[in-house]
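Chain residues, written in single-letter form:
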Amino acid sequence: MAVIAPTTKQQFFDANGDPLSGGFLHTTKNLTDTDKITWKEDNETNPNENPIELNSRGECDLHLVPGEAYRLRLEDSLGSLIWQKDNVIGSGSGSIDVANIADLKSTSPSGLSLAHVLGYYTEGDGGGELWYWNSTSTTSENKVTIVELNSAPSVGRWERVSSEVITFKQAGAKGNGSFDDTDFINSANTWVNANNKTLVATSGNYLITSSVAFGSATNLRMEKGASFSAGSSLNVTFNGIFEG
């Protein structure tokens, strides 16, 4: 049986889902800020600088020590934190590119720890992100930061590496003015409000078919070109922090 080719370069994204040009990736010992070595090739002869400066496409060569846990910390070109994740474990098979969330749910985690999802539905639709396999997780799927395999194992989940900022499109909204985004926006809002994170509406026209109330702990940021379409009897209510 043919298998998916491993990712030859890791690619990282900003809060809008765009390649993180000129960003920095720090690699440290798990649960600490002590630098931990990574390599440009799998023969472990050419170490990376730490932090690693990403190229104009947000890419870098990244090989981890097999079987050892890392903390990864991603920053923008000005040094501002985008996300930080512990318990990222190096594996002999590296990571893979996965077309969308549906494919992630059918992707066996055997021999790998990272999956670069290229879009929520299709490549480049703004819903792409880096996910990692947490082999001990039993958390229920929420379709925002936790995804279960179709085979429904009792233990083991795909988890989003970055969870400080969630966009509507990373939660499954399309923002094309015709697709009903209501349930996806509500799912993202519920998780962000419960965890005191930031929710971002990237450029798009988001159709809602029932009223939406953003919680008091939700920091909602409306990017340029983002808007809602709703019937005259529907309301969008902001109870938290709003940036627009």
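Conventions we followed
- Residues numbered from 1 in each chain as written.
- Predicted model: local features only at pLDDT ≥ 70, side-chain atom pairs only at ≥ 80, totals over all residues.
- Heavy atoms only, no water.
- Helix = DSSP H or I, 4+ residues; strand = E, 2+ residues; numbered from the N terminus.
- Buried < 20%, exposed > 50% of the residue type's maximum accessible area, 1.4 Å probe, protein only.
- Areas by Shrake-Rupley, 256 points an atom, 1.4 Å probe, with all protein chains shown as cover.
- Expected span 1.5 Å × (residues − 1).
- Contact = heavy atoms within 4.5 Å.
- Pairing = 2+ DSSP bridges.
- Axes fitted to C-alpha atoms, helices over the stretch in contact; angles between N-to-C directions.
- Phe/Tyr/Trp six-rings, centres within 6.5 Å; stacked < 30°, edge-to-face > 60°.
- Lys NZ or Arg CZ within 6 Å of the ring centre and 35° of its normal.
- 1 Å grid on protein atoms, 1.4 Å probe; cavity = no way out; pocket = protein on both sides within 12 Å on 5 of 7 lines; lining within 4 Å.
- Points joined across faces, edges and corners; volume = space filled by probe spheres on them.
- Nonpolar A, V, L, I, M, F, W, Y, C, P; charged D, E, K, R; others polar.

**Some remarks on the overall build of the protein chain**
For the protein chain, the helix and strand inventory stands at 2 helices and 20 strands. Taking the principal axes of the C-alpha coordinates as reference, the protein chain spans close to 65 × 40 × 30 Å. In the protein chain, which comprises 244 residues, the share counted as buried stands at 46%. A total accessible area of about 11,500 Å² is found for the protein chain, and carbon and sulfur atoms account for 48% of it.

**Describing helix 2 (residues 182–195)**
With 14 residues, helix 2 should cover 20 Å at 1.5 Å per step; its first-to-last C-alpha distance of 20 Å lies within 8% of that length. Along helix 2, the positions that sit buried rather than exposed are T182, I185, A188, N189, W191 and V192. Tucked into the core, helix 2 has its buried residues touching strand 12 (165–167), strand 13 (176–180), strand 14 (198–201), strand 15 (204–207), strand 16 (212–214) and strand 18 (226–229).

**Considering the sheet that holds strand 3 (residues 52–53)**
If you trace the 4 strands from one edge of the open sheet to the other, you get 3-2-5-6, paired in antiparallel fashion. Each having just a single partner strand, strand 3 and strand 6 (81–89) make up the two edges of the open sheet. Pairing of strand 5 (residues 69–75) with strand 6, which is carried by 6 bridges, proceeds in the antiparallel orientation. In the strand pairing of strand 6, Y70 is matched with V88.

**Concerning the sheet that holds strand 15**
The sheet built from 3 strands is open, its strands ordered 13-15-18 with parallel pairing. The strands lining the two open edges of the sheet, one partner per strand, are strand 13 and strand 18. Pairs of neighbouring strands in the sheet enclose a mean axial angle of 30°, with direction left out of account. On the sheet, helix 2 packs against strand 13, strand 15 and strand 18 and is oriented at approximately 85° with respect to strand 13.

**Things to note about the packing of aromatic side chains**
Given two aromatic rings, one states the distance between the centres and the angle between the planes to describe the pair. Overall, the coordinates contain 10 aromatic pairs when judged by the stated rule. Each ring, one from F214 and one from F228, has its centre 6.3 Å from the other, and the planes form 45°; the classification is tilted. Of this pair, F214 sits in strand 16 while F228 sits in strand 18, placing them 14 residues apart in sequence. For F214, a relative accessible area of 1% translates into the label buried. Using a relative accessible area of 23% as the deciding quantity, one classes F228 as partly exposed. Put simply, the rings of Y120, Y121, F179 and F184 touch in pairs and so form one group of aromatic residues. Taking the ring centre of Y121 as reference, the NZ or CZ of K174 above it sits at 4.6 Å. For K174, the ring lying beneath its charged end belongs to F179, and the centroid distance is 4.5 Å.

**A word on the pairing of strand 15**
When strand 13 meets strand 15, the two strands line up parallel, connected through 2 bridges. Among the inter-strand pairings, N176 is bridged to a residue of strand 15, identified as N205.

**Examining the environment of S210**
Take S210: it is sitting in the loop between strand 15 and strand 16. When neighbours within four sequence positions are excluded, S210 is seen to be in contact with T182 and L234.

**What to know about empty space enclosed by the protein**
For the structure shown, the criterion picks out 1 cavity of 30 Å³ or more. Lining the largest cavity, in full, are F13, D14, A15, I82, W83, E129, S162, V165 and Q170. A per-class count over the lining of the largest cavity returns 5 nonpolar, 2 polar and 2 charged.

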